[in-house]
Number of protein chains: 2
Amino acid sequence: MPAQLTDIVAVLRNTPATLTALLRDLSPHWTHANYGPDTFSPFDVVGHLIHGEMTDWIPRLTIILEHGVARPFEPFDRYAMYQLSEGRTMAELLDEFARRRTESLNALEGFDLGEADLAKTGMHPALGVVTARQLLSAWVAHDLNHIHQVAKAMAYQYREAAQPIAAYLGVLKDFRS
Amino acid sequence: MPAQLTDIVAVLRNTPATLTALLRDLSPHWTHANYGPDTFSPFDVVGHLIHGEMTDWIPRLTIILEHGVARPFEPFDRYAMYQLSEGRTMAELLDEFARRRTESLNALEGFDLGEADLAKTGMHPALGVVTARQLLSAWVAHDLNHIHQVAKAMAYQYREAAQPIAAYLGVLKDFRS
């Protein structure tokens, strides 16, 4: 496996355990609160990550490997989880995400990608030509983006209670990033 | 235990497992890289959290309970970990943080705080009078701030590789927050 892919997979493999450690068995006060209008709660984030496993990362990589730029990726619905997660518990979503991530990494391993494969290209519906390397790099950055967002949403719940000391905390300085 | 304290402890208890899941067994490429001058790497963050357990949260709470505002807190050195962590491994720091956090939560439980205790006050060296409730709220917000920061430092390592798709990721829009 190319070194960069090893590096990416090491983090992708950890994400379900990270989110489970952070979120499992917490009250809805922590898991279902967001940080402003149109922002994601931790519950929303895990649903969004599940949807990504189902429709984004491995499906798009498969299109690159099988069709190249000839078949554009399906657009990804960043809000699909509002419907998909409805009526489910945080624990159910965490378990499903862990299961689907394992399946995704098994599929990735099955492709046995080499350096030449990472240079193969696909057609993003909004961004144009992207390489498999860019797609896989975006996958790991996307995981980290949403771990970052979960911590932000949670910290936001204590933005007032933690004053004045919280003045030192970068996470509370900009609620929209 | 007051409801708010239960809420705080639930997250404080999870932080070592969260950081261990996220960071253990990763290469130094992930753990020892920061996101710009004067920013913390994940390795720096865990050292900083250890130092907080040793000198900040429970020591300051103890001063509040024993001395009130009569004895100001010791100033906290936010950069002490550069020396304390030198020559140690990420795994060693994660283990030490987990052990010290358990000790801190045992001490907190031993105080058996009630609502009246949460209103007790101490003297912050820079911010003036703060309550035990504010100190404990800042503790949990501080944990979340640094989980947020670890994810940011890691995402930053893929800021270029993940383009153009990373344009959608909030974590990569402002490296300084």
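Residues numbered from 1 in each chain as written. Chains lettered and ligands numbered in written order. Predicted model: local features only at pLDDT ≥ 70, side-chain atom pairs only at ≥ 80, totals over all residues. Heavy atoms only, no water.

This next bit is on the overall build of chain A. Each helix and strand counted, chain A has eight helices and two strands in total. In chain A, the succession of helices and strands from N to C terminus is α-α-α-α-α-α-α-β-β-α. Taken over C-alpha atoms, the radius of gyration comes to 18 Å for chain A, in line with the 16 Å a tight globule of 177 residues would show. In chain A, buried positions account for 56% of the 177 residues. For chain A, the proportion of contacts with a sequence separation of at least 24, taken over those separated by at least 6, is 75%. Summed over all atoms, the accessible surface of chain A reaches about 7,300 Å², with 52% contributed by carbon and sulfur. Positive and negative side-chain charges of chain A, numbering 15 and 21 respectively, have mean locations separated by a distance of 3 Å. (Helix = DSSP H or I, 4+ residues; strand = E, 2+ residues; numbered from the N terminus. Rg over C-alpha atoms; globule rule 2.2 N^0.38 Å. Buried < 20%, exposed > 50% of the residue type's maximum accessible area, 1.4 Å probe, protein only. Contact = heavy atoms within 4.5 Å. Areas by Shrake-Rupley, 256 points an atom, 1.4 Å probe, with all protein chains shown as cover. Lys, Arg positive; Asp, Glu negative; His and termini not counted. Charge placed at Lys NZ, Arg CZ, Asp CG, Glu CD.)

Now for the relation of the copies chain B and chain A. Once chain B is rotated about the relating axis by 180 degrees and shifted along it by 0.0 Å, it coincides with chain A to within an RMSD of 0.0 Å. The operation mapping one copy onto its partner corresponds to a two-fold rotation axis. Closest approach to the rotation axis among the C-alpha atoms of chain B is made by H148 of chain B, whose C-alpha sits 2.2 Å away. The overlap is high: 100% of the interface residues of chain B also sit at the interface in chain A, so the same surface is used on both sides. (Least-squares fit on C-alpha atoms with pLDDT ≥ 70 in both.)

Okay, the environment of A98 of chain B next. Residue and element names in this part refer to chain B. In this fold, A98 is placed in helix α6 (residues 90-111). Since its relative accessible area comes to 28%, A98 is described here as partly exposed. For A98 and Y168, which are 70 residues apart along the polypeptide, the C-alpha to C-alpha distance reads 34 Å.

Helix packing for two helices is described by the angle between their axes and how far apart those axes are. Residue and element names in this part refer to chain B. Running from N to C, helix α3 (residues 42-55) and α6 cross one another at 30 degrees; their axes reach a closest spacing of 9 Å. Here α3 lies roughly parallel to α6, going by the angle between them. Considering how the two elements wind past one another, α3 and α6 form a crossing that is left-handed. For the pair formed by α3 and α6, the contact residues are P42, F43, V46, G47, L49, I50, E53 and M54 on the first element and M90, L93, L94, E96, F97, R100, R101 and S104 on the second. Grouping the amino acids of the contact of α3 with α6 by side-chain chemistry returns ten nonpolar, two polar and four charged. (Axes fitted to C-alpha atoms, helices over the stretch in contact; angles between N-to-C directions. Parallel < 35°, antiparallel > 145°, perpendicular 65-115°, else oblique. Left-handed = near helix turned anticlockwise from the far one by under 90°. Nonpolar A, V, L, I, M, F, W, Y, C, P; charged D, E, K, R; others polar.)

Turning our eyes to something else, we now look at the interface of chain B and chain A. Contact residues are listed per partner, giving 47 residues for chain B and 47 residues for chain A. At the junction of chain B with chain A, the criterion picks out zero salt bridges. Put simply, the parts of the chain that give the side of chain B that touches chain A at least two residues each are α1 (3-23), α2 (28-31) and α8 (132-156) of chain B. Looking at the side of chain B that touches chain A element by element, the count peaks at 16 residues for α8 of chain B. (Salt bridge = Lys/Arg side-chain N within 4 Å of Asp/Glu carboxyl O.)

All names here are of chain B. Contact geometry for helix α4 (residues 57-67) and α6: axes closest at 10 Å, N-to-C directions at 20 degrees. Looking at the two axes, α4 sits roughly parallel to α6. The element α4 and its partner α6 pack so that their crossing is left-handed. Within the contact between the two elements, α4 uses I58, L61, T62 and L65 and α6 uses S104, A107, L108 and F111. Its residues assigned to classes, the contact of α4 with α6 comprises six nonpolar, two polar and no charged.

Leaving glycine out, the prevailing phi sign among residues is negative, and the prevailing peptide bond configuration is trans. P164 of chain A follows Q163 of chain A through a cis peptide bond whose omega is 0 degrees. With respect to the element layout, P164 of chain A can be found in the segment after α8 (132-156).

This next bit is on the side chain of E53 of chain A. Residues and elements named next belong to chain A. Inspection of the secondary structure puts E53 in helix α3 (residues 42-55). Only 3.4 Å separates the side chain of E53 from the side chain of W139, close enough to count as a polar contact. Discounting chain neighbours no more than four positions away, the residues touching E53 are P59, F97, R100, R101, S104 and W139. (Polar contact = N/O pair within 3.5 Å; in protein donor to acceptor, adjacent residues only side chain to side chain.)

In terms of nonpolar packing, the biggest core is built from 104 residues, with L108 of chain A together with L108 of chain B touching the most fellow members. When near neighbours in sequence (up to four residues on either side) are disregarded, L108 of chain B contacts L5, V9, I58, L61, L113, L136 and W139 of chain B. (Core = buried A, V, L, I, M, F, W, Y, C linked by side-chain atoms within 4.5 Å.)

This part is about the pairing of strand β2 (residues 128-131) of chain B. Residue and element names in this part refer to chain B. Pairing of strand β1 (residues 121-124) with β2, which is carried by four bridges, proceeds in the antiparallel orientation. In the strand pairing of β2, T121 is matched with T131. Joining the antiparallel neighbours β1 and β2 is a turn of three residues. (Pairing = 2+ DSSP bridges.)

On average, chain A scores 94 in pLDDT, and the residues at 70 or more come to 98%. This prediction of the complex comes with two scores: 0.95 for pTM and 0.95 for ipTM. (pLDDT = per-residue confidence, 0-100.)

Here H51 of chain B is to be found in helix α3. Among all residues touching H51 of chain B, those that are not within four sequence positions of it are D56, F76, D77, A80 and L84 of chain B.

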